[in-house]
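Topology and contacts: notes
Chain by chain, the residues:
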Amino acid sequence: MLTLTQIAPLRDALAAHTHLHKRIALVPTMGALHEGHLRLVDVARGLADLVVISVFVNPLQFRPGEDFTAYPRRLEQDRALAAARGVAVLFAPDVDEMYGSGTETRVVPGDTASRWEGAIRPQHFDGVLTVVAKLLNIVSPQVIVFGQKDFQQVVLVRQMMLEFHYPVTMSVVPTVREPDGLAMSSRNAYLAPGDRQAARALPDALRAVQDLFASGERSAAALQRAARDVLEAAPGVAPDYIAVTDPTHLAPRETAGPGDVVMLAARVGSTRLIDNVILGAAQI
Ligand code: AMP
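Residues numbered from 1 in each chain as written. Predicted model: local features only at pLDDT ≥ 70, side-chain atom pairs only at ≥ 80, totals over all residues. Heavy atoms only, no water.

In the region of the ligand, 17 residues are neighbours, and Met30, His37, Asp150, Val176 and Met184 sit closest. At a separation of 2.9 Å, an oxygen atom of the ligand approaches a polar side-chain atom of His37. Within the backbone of Met184, one N or O atom sits 2.8 Å away from a nitrogen atom of the ligand. Starting from 480 Å² of accessible surface for the ligand in isolation, the protein chains cover 93%. Looking at which element gives the most residues to the shell around the ligand, the answer is helix 2 (residues 35-47), with three residues. (Near = heavy atom within 4 Å. Polar contact = N/O pair within 3.5 Å; in protein donor to acceptor, adjacent residues only side chain to side chain. Areas by Shrake-Rupley, 256 points an atom, 1.4 Å probe, with all protein chains shown as cover. Helix = DSSP H or I, 4+ residues; strand = E, 2+ residues; numbered from the N terminus.)

See the structure below:
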């Protein structure tokens, strides 16, 4: 596996493959890799001849006071995990390499970005889309792979790629979970042992919604209430939002249907966690 920190050598390395009509898949990450990220790599390998994984903690998507500085950085471990999973190139630029040319020009998403995560983290998705656009321009992949865990990110990147005419296919991988159902996340490392125990309330809440939906309940308010009850019963868990939404624009629903997405965010101790489930899907 090649590890590169600069754009020009990365482009040179990839040009040789593009010349041979090899398909490139890009897996963007912020590192501290876990099995969720590695499952994205597995899917990427099945869709392309070579996989590029980016490891970059993107300052533009953090707000002042968020965890940009504390975010776990484990490049050596990431390199070993990525290499063992068959990644061809790990791209780990520093902030200057990515933003040294300036940050005046940004991607500004529309209304879909102002809901849910965007309401709590204003401009977060401007930062996400700006870095994804840059990575697409740097790597020029045929395929980009994202995780369902960050559902709003998936929706917004898909919209950007459509509206900006990127000739790139997106693949979305179902959320990889711990044995008790908690969605894997680099931020789970922040959880104190008691909080880790309480955090299983998130998947439990989504399971409660899924079960209620399966039993015929279609009122979004009733489904949301069921999730809230599970979260509020867990010590130290404070829900930020729980919403049944349409899967394309994430607008809130009054009546739920199959394929709708239940978006959930909660604070567990001092850690914010997000999760979601697609109603009617065989998962969680
Ligand atoms: P991050 O490093 O947290 O920015 O995540 C990088 C990519 O991995 C994003 O597309 C995430 O949605 C995806 N991802 C993170 N956690 C999981 C998980 N538990 N299951 C599936 N994909 C995930």
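Turning our eyes to something else, we now look at unusual backbone geometry. The phi torsion at His21 lies on the positive side, around 60°, for a residue other than glycine. Structurally, His21 can be placed in the loop between helix 1 (7-19) and strand 2 (24-29).

Within the structure shown, the criterion is met by 17 salt bridges. Note that Arg85 is salt-bridged to Asp42, the shortest N-O span being 2.9 Å. Taken together, the residues span a long stretch of sequence, with Arg85 in the loop between helix 3 (75-84) and strand 4 (89-91) and Asp42 in helix 2 at a distance of 43 residues. Arg79 serves as the salt-bridge partner of Glu76, at 3.3 Å between the closest nitrogen and oxygen. One end of the pair, Glu76, and the other, Arg79, are both in helix 3, three residues apart, so they sit about a helical turn from each other. The class for Arg79 is partly exposed, based on a relative accessible area of 30%. (Salt bridge = Lys/Arg side-chain N within 4 Å of Asp/Glu carboxyl O. Buried < 20%, exposed > 50% of the residue type's maximum accessible area, 1.4 Å probe, protein only.)

So, about the packing of helix 6 (residues 124-139) against helix 7 (residues 151-163). Packed helices, taken two at a time, are described by their axes: the angle between them and the distance between them. It is at 10 Å that the axes of helix 6 and helix 7 come closest, and there the two elements cross at 50°. In terms of orientation, helix 6 lies oblique with respect to helix 7. Handedness of the crossing formed by helix 6 with helix 7: right-handed. Across the interface between the two elements, Phe125, Val128, Leu129, Val132, Ala133 and Leu136 from helix 6 touch Gln152, Gln153, Leu156, Val157, Met160 and Met161 from helix 7. For the contact of helix 6 with helix 7, a count of residues per class yields ten nonpolar, two polar and no charged. (Axes fitted to C-alpha atoms, helices over the stretch in contact; angles between N-to-C directions. Parallel < 35°, antiparallel > 145°, perpendicular 65-115°, else oblique. Left-handed = near helix turned anticlockwise from the far one by under 90°. Contact = heavy atoms within 4.5 Å. Nonpolar A, V, L, I, M, F, W, Y, C, P; charged D, E, K, R; others polar.)

Let's shift gears to helix 6. Look at helix 6: 23 Å from first C-alpha to last across 16 residues, which is about the 22 Å you get at 1.5 Å a residue. Of all 16 residues in helix 6, 14 are buried; the element is thus mostly enclosed. Residue Ser140 follows helix 6 closely and has a positive phi angle near 50°. (Expected span 1.5 Å × (residues − 1).)

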